[in-house]
Amino acid sequence: MSRVLALAGDAIASPLKIRLYIRIAAMLITTIIVCSTLVFYFGNQLVDTLAAGVATLADVVVASIMPYLFAAAIAGMSAMAITTILPTAQSIEPQEKILQRLRQLSGGDLTAQDKIPASGRTKDIANELNQAIGMLRHQVTAMKIVNRQQWSTLCNLRESIQQGDLQFALGYIEQMERTWEKTVEIEKKLLT
């Protein structure tokens with residue numbers, strides 16, 4: 001029962017998924033109605049033909065088998081259509097999560113790393129997205145650390161100059177140069 005509730009919750013979360021499931025349900029209902037109508041109509045025609053006494057054995061055989069053949073053909077085509085649509089409905093959730101994650105990324109959010117329940121090519125895309133975000137997060141974190149080191153060195157440089165200690169000031173300037181080299185290394189990894 002919990003699986004049914006989970007599927008219902010997933011379907012409610014996605015309007016596109018709801019539309020696909022409604023189309024599948026409409027196809028099923030239409031198929032059942034058309035097949036039932038065919039069998040009922042031709043069954044009544046057969047009864048009327050037999051009652052009139054004008055039917056040959058070949059007419060009875062054709063009239064008996066024909067509605068079931070048509071119903072089987074319609075049901076088979078509907079089953080093929082449904083089995084084609086169903087994987088699309090199941091892949092909507094991972095695609096929407098990837099899209100949501102890309103929107104978060106464009107908004108500057110590098111923190112979340114959702115596990116996206118997907119399979120096949122969509123899973124590969126989700127894994128690559130998570131890996132790319134992880135690498136970007138690593139580079140941004142390294143940049144933040146370097147910026148904090150630069151700020152600390154700049155504060156020490158200001159203090160040394162205010163105290164008139166030029167030797168320490170020159171040491172802090174050299175330290176800032178080394179920190180800028182780290183910044184350049186990080187920037188080389190980020191193509192802009």
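Along each chain, residue indices are assigned from 1 in the same order as the chain's sequence is written. pLDDT decides what is reported in this predicted model: residues at 70 or higher carry local features, side-chain atom pairs at 80 or more are listed and counted, and totals for whole chains, interfaces and linings draw on all residues regardless. Hydrogens are left out, water is left out, and the side-chain values use all remaining heavy atoms of the structure.

**Some words on the packing of helix 3 (residues 57–106) against helix 4 (residues 121–163)**
- Structural elements are reduced to axes, namely lines fitted to C-alpha atoms, with helices fitted over the stretch in contact, and the angle between N-to-C directions of any two is expressed from 0 to 180 degrees. A helix here means a DSSP run of H or I that spans at least four residues, while a strand means a run of E at least two residues long, and both kinds are numbered starting from the N terminus. Across the interface, helix 3 lies against helix 4 with an axial gap of 10 Å and an inter-helix angle of 15°. Put simply, helix 3 runs roughly parallel to helix 4. Crossing angle aside, the handedness with which helix 3 passes helix 4 is left-handed. Contact residues: helix 3 offers Pro94, Ile98, Arg101, Leu102 and Leu105, while helix 4 offers Thr122, Ile125, Ala126, Leu129, Ile133 and Leu136.
- Amino acids outside the nonpolar list (Ala, Val, Leu, Ile, Met, Phe, Trp, Tyr, Cys, Pro) and the charged list (Asp, Glu, Lys, Arg) are all regarded as polar, and Gly is one of them. Class assignment of the residues belonging to the contact of helix 3 with helix 4 gives a composition of 9 nonpolar, 1 polar and 1 charged. Orientation labels follow simple angle bins: below 35 degrees gives roughly parallel, above 145 gives roughly antiparallel, 65 to 115 gives roughly perpendicular, and whatever is left gives oblique. Crossing handedness is defined as follows: a turn of the near helix away from the far one that is anticlockwise and smaller than a right angle gives a left-handed crossing, while the clockwise case is right-handed. What makes two residues a contact is simply this: any of their non-hydrogen atoms within 4.5 Å.

**Observations regarding the pattern of salt bridges**
- By definition, a salt bridge exists where a carboxyl oxygen of Asp or Glu is found within 4 Å of a side-chain nitrogen of Lys or Arg. Here the structure, examined in full by the defined rule, presents 1 salt bridge.
- Put simply, arginine 121 and aspartate 124 hold a salt bridge, and the shortest N to O gap is 4.0 Å. Highlighted residues: arginine 121 and aspartate 124, both in helix 4, separated by 3 residues, approximately one helical turn.
- Using a 1.4 Å probe on the protein chains alone, a residue whose accessible area is under 20% of its type maximum counts as buried, one over 50% counts as exposed, and one in between counts as partly exposed. Taking relative accessible area as the criterion, arginine 121 reaches 63% and is therefore assigned exposed.
- Residue aspartate 124 is classed as partly exposed on the basis of its relative accessible area, which comes to 39%.

Take it as geometry only, folks, not as evidence of what the structure does.
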